[in-house]
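Remarks on the overall topology
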Amino acid sequence: MERLEFLTQKRADDFFREKKLHYINRLLVLESTESTNTLCKSDEISAGTAVLARTQTAGHGRLGRDFLSEDGGIYISFCLSANIKADRLGVITGMTAVAVLRAAKRVCGIDAGIKWLNDILLDGKKICGILAEPTFSGSEYPEKIIIGIGFNLNQQKSAFRGGLSETAGSVYALTGRKSDVSGFVFALSEEIDRAVFSAEQGDISEYLREYRKACVNIGKEVYILPFEKDGRDPKAAFEENANRADFRSETVIGITDDFELATSGRIVRSGEASIKEKDFEK
Ligand code: BTN
């Protein structure tokens, strides 16, 4: 199979030396690693470093779900230190979703949507997932904030096998256009840096506005799938409960100023649940 062009360590070094971003001063470019988030959590990586891998052998998302990490995608984690409390991680994740949308617009020319809280969609298919994780060393402020992004940029349609072909895709598979990896990684780094800077300043209104505009759930009927204490995937719990007469869908009426989901009956915080659109097949 044709080997896709990737970012070289030299180009990355040149970019970060010149750009002087607030939170990231170095990008480590790897052929492969288990998971860029896992590596960033280890002592090997200190705050200020981002890690990019051409492939991951154990890429994962929320709730320990596997994240397909083959050649053609962008698998990157930004490991940073900022004056942001751990309970603001939902806000950082929401702002990261907007940062990804901005980078995708700049480089790929696409207008993607957001499924609450942090899935990026194109033509109804997931093209990107975000996993923000903190590490602690005793204070309420994380020692490191790790923002992991898996973005399906240049994979062929055939990379999305089995059930994934229904739910996921890449920008290339959906538009027929390949994008420059370096350009995308650099634009993403700038946008993430800008988003974290805005979050630290408490300047989030523009991000909220863009998030609300792009959010595909507003006005739609969804099922709220609470995160189970036993760590079980909420989709499995949904299958068990779906036929109960009292298990009802709810209408999404908006996104609160803290990037929470407001339905007609309640407010759902980012760490509490995920959602499933009612019209999706059960
Ligand atoms: C999700 O969809 O639940 C989040 C997926 C996050 C995937 C990225 S890829 C880079 C980083 N490394 C990982 O193992 N996960 C994140």
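Model, not experiment: these values are computed from the prediction.

1. Focus on unusual backbone geometry
- Cis rather than trans, the peptide bond between W116 and L117 has omega equal to 0°.
- Inspection of the secondary structure assignment puts L117 in the loop between β4 (113-115) and β5 (119-122).
- Its identity is not glycine, yet D123 carries a phi of approximately 50°, on the positive side.
- Looking at the secondary structure, you find D123 in the loop between β5 and β6 (125-135).

2. A word on the nonpolar core
- Ranked by size, the top nonpolar core spans 72 residues in total, and within it L27, F78, I149, F151 and Y211 carry the most contacts.
- Top contributing element to this core by residue count: helix α3 (residues 89-108), with 12 residues.
- Among all residues touching F78, those that are not within four sequence positions of it are I24, T49, A50, I145, I146, I147, I149, L188, S189 and I192.
- Core analysis: the second largest hydrophobic core is formed by seven residues, C40, I45, V51 and C79 among them.

3. Structural notes on the pattern of salt bridges
- Enumeration over the complete set of coordinates arrives at 19 salt bridges.
- For D14, the salt bridge goes to R17, with nearest N and O atoms at 3.3 Å. Here R17 and D14 lie together in helix α1 (residues 9-19), a separation of three residues that amounts to about one turn.
- We classify R17 as exposed; its relative accessible area is 54%.
- With a shortest N-O distance of 3.3 Å, R54 and D71 are connected by a salt bridge. Pair noted here: R54 is in strand β2 (residues 49-56) and D71 is in the loop between β2 and β3 (74-80), with a separation of 17 residues, a long-range link.
- Overlapping salt bridges bring together K19, R106, E190, E191 and R194 as one network.

4. What to know about the sheet that holds strand β12 (residues 273-277)
- An order of β11-β10-β9-β8-β12 is seen for the five strands of this open sheet, with the pairing classed as antiparallel. Since the sheet does not close on itself, it has two edges, and those belong to β11 (267-268) and β12, each with one partner.

5. Thoughts on the packing of aromatic side chains
- Going through the model one piece at a time under the given rule, you end up with four aromatic pairs.
- Ring geometry for F15 against F186: centres 4.0 Å apart, planes inclined by 0°, an arrangement best described as stacked. Within this pair, whereas F15 is found in helix α1, its partner F186 is found in helix α6 (residues 181-201), the two being separated by 171 residues in sequence.
- Of the residues examined, F15 reaches a relative accessible area of 12% and is grouped as buried.

6. Thoughts on the environment of V181
- With respect to the element layout, V181 can be found in helix α6.
- In this structure, the C-alpha to C-alpha distance between V181 and G169, residues 12 residues apart in sequence, is 17 Å.
- When sequence neighbours within four positions are dropped, the list of residues in contact with V181 reads E5, F6, L7, I74, L153 and N154.

7. Comments concerning the environment of V252
- Turning to its location among the elements, V252 is positioned in strand β9 (residues 250-255).
- Classification of V252 as buried rests on a relative accessible area of 1%.
- Separated by 232 residues in sequence, V252 and K20 have C-alpha atoms that sit 40 Å apart.
- In contact with V252, other than residues within four places in its own chain, are N217, I218, G219, K220, V222, L261, A262 and T263.

What counts and how
- Residues numbered from 1 in each chain as written.
- Predicted model: local features only at pLDDT ≥ 70, side-chain atom pairs only at ≥ 80, totals over all residues.
- Heavy atoms only, no water.
- Helix = DSSP H or I, 4+ residues; strand = E, 2+ residues; numbered from the N terminus.
- Core = buried A, V, L, I, M, F, W, Y, C linked by side-chain atoms within 4.5 Å.
- Buried < 20%, exposed > 50% of the residue type's maximum accessible area, 1.4 Å probe, protein only.
- Contact = heavy atoms within 4.5 Å.
- Salt bridge = Lys/Arg side-chain N within 4 Å of Asp/Glu carboxyl O.
- Pairing = 2+ DSSP bridges.
- Phe/Tyr/Trp six-rings, centres within 6.5 Å; stacked < 30°, edge-to-face > 60°.

That is the geometry; function is a separate question.
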